[in-house]
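# Structure assessment
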Amino acid sequence: MDILWLGSRHGLNSFEQIAILGVLITAFISLLYAWLLRGNVLHKDKGTPKMQDIWNAIRVGADSYLNRQLKTILPLIGVLTIALFLSVYIVPPTPEASDEFGANAQIVIAIGRTIAFIMGATFSLLVGQLGMRMAIQANVRAASAARRSLNEALTIAYYAGTITGMLTDGLGLFGGTIIFIIFGQAAPDALLGFGFGGTLIALFMRVGGGIYTKAADVGADLVGKVEKDIPEDDPRNAAVVADLVGDNVGDCAGMAADIFESYEVTIVSGLILGLTLVMATGELKWIVYPLIIRAIGVISSILGTFTVPIWEKMPKRGLFGFLHADDAEEAMFRSYEVSSVNTVLWSFLLATLYAHDWRLAMLTTIGVGLAVAFNPLTSYFTSTKRSPVKEIVESTTTGPATTILSGLSVGMESSVWALVVIVISFIFALLLYSGQGAQYVLYAVAMIGIGMLSHTGNNVAMDSYGPISDNANGIGEMAWHDMDDPETRKARQIMADLDAVGNTTKAITKGVAIASAVIAAVSLFASFFIDVGRVQEATNAAAKAAGQALPFAKLLSETGIRVSETNVFIGLLLGGALPWLFASLSIKAVTRAASLIVIEVRRQFKIPGLMEGKVKPDYAQVVGISTAAAQKELIPLAVISVLTPLAIGLMLGVESLAGFCAGIILSGQTLAVFMANAGGAWDNAKKSIEDEPRNLAANTGKGSERHKASVVGDTVGDPLKDTAGPALNPMIKVVNMVSLLAAPIIVKYAGASGLTQAVVWIIALILFAFVGWAILRSKAKAPQMQEQPATD
């Protein structure tokens, strides 16, 4: 049997050929499921004309932002495409590429990596943009459905999020599988381009979307809630539409692209490390198994996401009463458990009957368990039902300062336990494969990452559900004013309940995204050592054939790095510092943009008749300010992420670059979790107080001093949890991916002398100069906007 040349070209047996074809079919099933859900959502009504007017303003604002963002990033994508193509010619092709393509290996890999880069970037864009547009289509429909039932509103919001999740699954699985079919054992060379394309777009969408959404949110809250004492989504607030737009471009488009590139990167690193074991054992199971597990995960996600609306409908009593879900959060968790059980069962069958190694199934189970563990762990620190958030609520009694201090302590503690959970999973990998050597352990870590992201469909669905329910709640608050009507009160409460759950699910998926980013980065870090070792070995072989001294006495893949060596320690320190610089610049950008929005919103509040509801605010003006502020930061922060590892590697060597990557992983993970969970806890503390009965004399409910303190905490936390924290995920992976791509070039010129060394140092200094420019550019002040006299 020879399907798609898989047998004759790649040496796959009959089962493996059928399995790879099945993986490809599964990718299309995922996309088909997304299409069917799309029809289901779009079939629902869009509510009253007023609801549709508000919805249309959100849609136009989001579309204009994404169109402008695309124009901003395309030139840089073009430059990097050319650089990626030319980089292949600096070093000779790998032995696997030469075996696959002979004398044409170099040009084939150059073209393949370039096309894969474009494909990865395109898929990431599609996931982000199509997912965001679907979320916008769903928000008004969910708001309208809330007038009828909680289950219908939940179904619309969650299924719309599932569409994005299935796009992530389908396109990610298709891209990785088709590259393997074409390139076989040389696939890692091309997959590096695929992963880099997705990672770079995720960085753009995360940074830009995060700055946009939090600049609008902070500006709207400070003036509307604190100064004017009006509700969160009051239509008189000029920033309210920009705030609702921001939920989509930040949490939908940004998160979808973020998790998509983690999905890509884990399969890239898994195949690179698996290929090493294939060469050592001659068995192809090391690269076929992760592809099949990904397909099983897609089917499990389809089963799990489909069942979400069912749990709330189950009877509370009787034989199946234990299956009943009391709220949306419980329904989502139960569906995640359905997906998890299905994946674990099939992984043991596959590992036992095909791979004949039950430990592979254990690695998948550990990865699935790691993702499941982050649900209750993050929920504990961010849910309104848990003690950490309740403690923050209590601290609001004594003002904003104690509110902020309480939230900071919650975020710091949560970061420790998130790291401990990841470490425990690594210990299991060590225990399972330590007897067979370091390369097996590194592969085991990559397989944990594969298992953790096997339910990407569920994760993205839970995340996208958050902004959809938030937008739906905002549309309801702006469109429904007759609170004396029981039906209106019921609909508003339904949307408020779903919105509160959305805050928790967003926090949970942020935790999963950060953890997956760390495991993906660790897998890339492991691949870095393997790849450098292979290049060093090839360089030694060429020198030996030419009768020259061996350039490398020991291979990095065998020795690793020693922190006691000065150049490694320098790299470690610089790597640990970069996430703090990146976060600082991100928050500074939000501060500048939010200041401009505050001035504009204050100006509009002074317009005669606006507070009385007789004059409509100019929403487009604030949307324009947020859009311009977000675009300003895209290129500088991308330049810092891409050029810093290149400069350090060329100047200090590949060992120092390895230390740099290690520093970024540790510092970035702890900082990202801290910011995400502290922000989520502050947000839900504010919502807890807003749900209290309004009684200013008793200092409870909206408008109370406790509420104002909680708004200050939430305002501080917003750019942490939705801008700086999430932006670190793609930044960590961009740096590690660039390091992996650049490693062969750095090795080639290691130990150069004379003119060559001078040229290398000059290039490194030029790169550092560009990084310096990017930092100064990012810190530059925004154009000043003075508070103008109000005019009608």
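Heads up: the structure comes first, above all this text.
Residues numbered from 1 in each chain as written. Predicted model: local features only at pLDDT ≥ 70, side-chain atom pairs only at ≥ 80, totals over all residues. Heavy atoms only, no water.

Attention now moves to the overall build of the chain. From N to C terminus, the chain includes 23 helices and 0 strands. Taken over the C-alpha trace, the chain has a radius of gyration of 26 Å; the compact-globule value for 792 residues is 28 Å, and the two agree within 12%. The principal-axis extent of the C-alpha atoms belonging to the chain is close to 90 × 65 × 40 Å. Considering the chain as a whole, with its 792 residues, one finds that 63% of them fall into the buried category. Within the chain, residue pairs in contact and separated by at least 24 positions form 83% of the contacts whose partners lie at least 6 positions apart. The distance from the centre of the 57 positive side-chain charges to the centre of the 63 negative ones in the chain is 3 Å. (Helix = DSSP H or I, 4+ residues; strand = E, 2+ residues; numbered from the N terminus. Rg over C-alpha atoms; globule rule 2.2 N^0.38 Å. Buried < 20%, exposed > 50% of the residue type's maximum accessible area, 1.4 Å probe, protein only. Contact = heavy atoms within 4.5 Å. Lys, Arg positive; Asp, Glu negative; His and termini not counted. Charge placed at Lys NZ, Arg CZ, Asp CG, Glu CD.)

To continue, consider the side chain of Glu152. Counting through the fold element by element, Glu152 comes out in helix 6 (residues 150–183). Here Arg148 takes part through its side chain, which lies 3.0 Å from a polar atom of the side chain of Glu152. Excluding its chain neighbours within four sequence positions, the residues that come into contact with Glu152 are Lys44 and Ala145. (Polar contact = N/O pair within 3.5 Å; in protein donor to acceptor, adjacent residues only side chain to side chain.)

Here we take up the packing of aromatic side chains. Applying the stated rule across the entire model yields 12 aromatic pairs. Ring geometry for Tyr433 versus Tyr440: centroids 6.2 Å apart, planes at 10 degrees, classification stacked. The same class applies to Tyr433 and to Tyr440, which are both buried. Joined through ring pairs, the aromatic side chains of Phe28, Phe123, Phe174 and Phe194 make up one cluster. The ring of Trp55 carries Arg59 above its face, with NZ or CZ at 5.8 Å from the centroid. (Phe/Tyr/Trp six-rings, centres within 6.5 Å; stacked < 30°, edge-to-face > 60°. Lys NZ or Arg CZ within 6 Å of the ring centre and 35° of its normal.)

Here we come to the pattern of salt bridges. Side-chain pairs of opposite charge can arise whenever the charged atoms involved come near each other. Counted under the stated rule, the structure contains 25 salt bridges. Notably, a salt bridge pairs Arg133 with Asp63, separated by 3.4 Å at the nearest N-O pair. Of this pair, Arg133 sits in helix 5 (residues 105–145) while Asp63 sits in helix 3 (residues 49–87), placing them 70 residues apart in sequence. The class for Arg133 is partly exposed, based on a relative accessible area of 27%. The exposure class assigned to Asp63 is buried, which follows from its relative accessible area of 18%. Where Arg359 meets Asp357, a salt bridge forms, and the shortest distance between an N and an O atom there is 3.1 Å. Members of the salt-bridge network, linked through shared partners, are Lys214, Asp217, Asp683, Lys686, Asp714, Asp718, Lys721 and Asp722. (Salt bridge = Lys/Arg side-chain N within 4 Å of Asp/Glu carboxyl O.)

This part is about unusual backbone geometry. Peptide bonds are, in most cases, trans, and in most cases residues other than glycine have a negative phi. Located in the positive-phi region is His356, a residue other than glycine, with phi close to 55 degrees. Tracing the backbone shows His356 in the loop between helix 11 (328–355) and helix 12 (358–382).

The subject of this paragraph is empty space enclosed by the protein. The final tally for this structure, using the stated rule, is 4 cavities of 30 Å³ or more. Approximately 110 Å³ is the volume found for the largest cavity. Along the walls of the largest cavity sit 15 residues, with Lys214, Asp217, Glu232, Asp470 and Asp683 positioned nearest its centre. For the lining of the largest cavity, the secondary-structure elements that each account for two or more residues are helix 7 (187–227), helix 8 (240–281), helix 17 (486–545), helix 21 (654–690) and helix 22 (705–748). Broken down by class, the residue content of the lining of the largest cavity amounts to no nonpolar, 1 polar and 14 charged. (1 Å grid on protein atoms, 1.4 Å probe; cavity = no way out; pocket = protein on both sides within 12 Å on 5 of 7 lines; lining within 4 Å. Points joined across faces, edges and corners; volume = space filled by probe spheres on them. Nonpolar A, V, L, I, M, F, W, Y, C, P; charged D, E, K, R; others polar.)

A few words now on the side chain of His707. Residue position: His707 is located in helix 22. By relative accessible area, His707 is classed as buried at 5%. Apart from the residues lying within four places of it in its own chain, the contact partners of His707 are Lys686, Ile689, Glu690, Gly701 and Lys702.

Let us look at the packing of helix 6 against helix 7. Two numbers describe a pair of packed helices, the interaxial angle and the distance between the axes. Their axes nearest at 9 Å, the elements helix 6 and helix 7 cross at an angle of 150 degrees. What the angle tells us is that helix 6 and helix 7 run roughly antiparallel. Handedness of the crossing formed by helix 6 with helix 7: right-handed. Of helix 7, the residues touching helix 6 (which contributes Leu171, Gly172, Gly175, Gly176, Ile179, Phe180 and Phe183) are Ala187, Ala190, Leu191 and Phe194. When the residues that make up the contact of helix 6 with helix 7 are grouped by side-chain class, the tally is 8 nonpolar, 3 polar and no charged. (Axes fitted to C-alpha atoms, helices over the stretch in contact; angles between N-to-C directions. Parallel < 35°, antiparallel > 145°, perpendicular 65-115°, else oblique. Left-handed = near helix turned anticlockwise from the far one by under 90°.)

Turning next to the environment of Asn375. Relative to the helices and strands, Asn375 resides in helix 12. Ignoring any residue separated from it by four or fewer positions in sequence, one finds Asn375 in contact with Phe333, Tyr336, Ile508 and Val512.

What follows deals with the environment of Val23. With respect to the helices and strands, the residue Val23 is situated in helix 2 (residues 14–42). Relative accessible area serves as the criterion here: at 1%, Val23 is assigned to the buried category. Not counting residues within four places of it along the chain, the set of residues in contact with Val23 comprises Leu173, Thr177, Leu291, Ile292 and Ala295.

Further remarks concern the packing of helix 3 against helix 5. Axis separation between helix 3 and helix 5 bottoms out at 11 Å; the angle between their running directions is 170 degrees. In this view, helix 3 runs roughly antiparallel relative to helix 5, as classed from their interaxial angle. Classifying every residue of the contact of helix 3 with helix 5 by side-chain character gives 20 nonpolar, 8 polar and 4 charged.

To continue, consider a nonpolar patch on the surface. A surface patch of nonpolar side chains, about 710 Å² in accessible area, is lined by Val416, Trp417, Val420, Val423, Ile424, Ile427, Phe428 and Leu431. Relative to the helices and strands, Leu431 is located in helix 14 (residues 400–433). (Patch = residues over 30% accessible without salt bridge, like charges linked within 9 Å, V, L, I, M, F, W, Y side chains within 5 Å. Areas by Shrake-Rupley, 256 points an atom, 1.4 Å probe, with all protein chains shown as cover.)

Helix length check: helix 16 (residues 456–479), at 24 residues, gives a terminal C-alpha distance of 34 Å against a target of 34 Å (1.5 Å per residue), a fit within 8%. Most of helix 16 sits out of view: 24 of its 24 residues are buried. (Expected span 1.5 Å × (residues − 1).)

In this section: helix 6. Spanning 34 residues, helix 6 covers 49 Å between terminal C-alpha atoms, matching the ideal 50 Å at 1.5 Å per step. One side-chain oxygen of the residue at the start of helix 6 lies 3.1 Å from the amide nitrogen of Glu152, identifying that residue as Ser149.

The next point concerns the environment of Leu150. Mapping Leu150 onto the fold places it in helix 6. On the basis of relative accessible area, Leu150 is assigned to the partly exposed category, the value being 23%. Separated by 150 residues in the primary sequence, Leu150 and Ser300 have C-alpha atoms spaced 25 Å apart. When residues no more than four places from it in sequence are discounted, the contact partners of Leu150 are Ile494 and Leu498.

Such coordinate-based values are descriptive only and should not be taken to indicate function.
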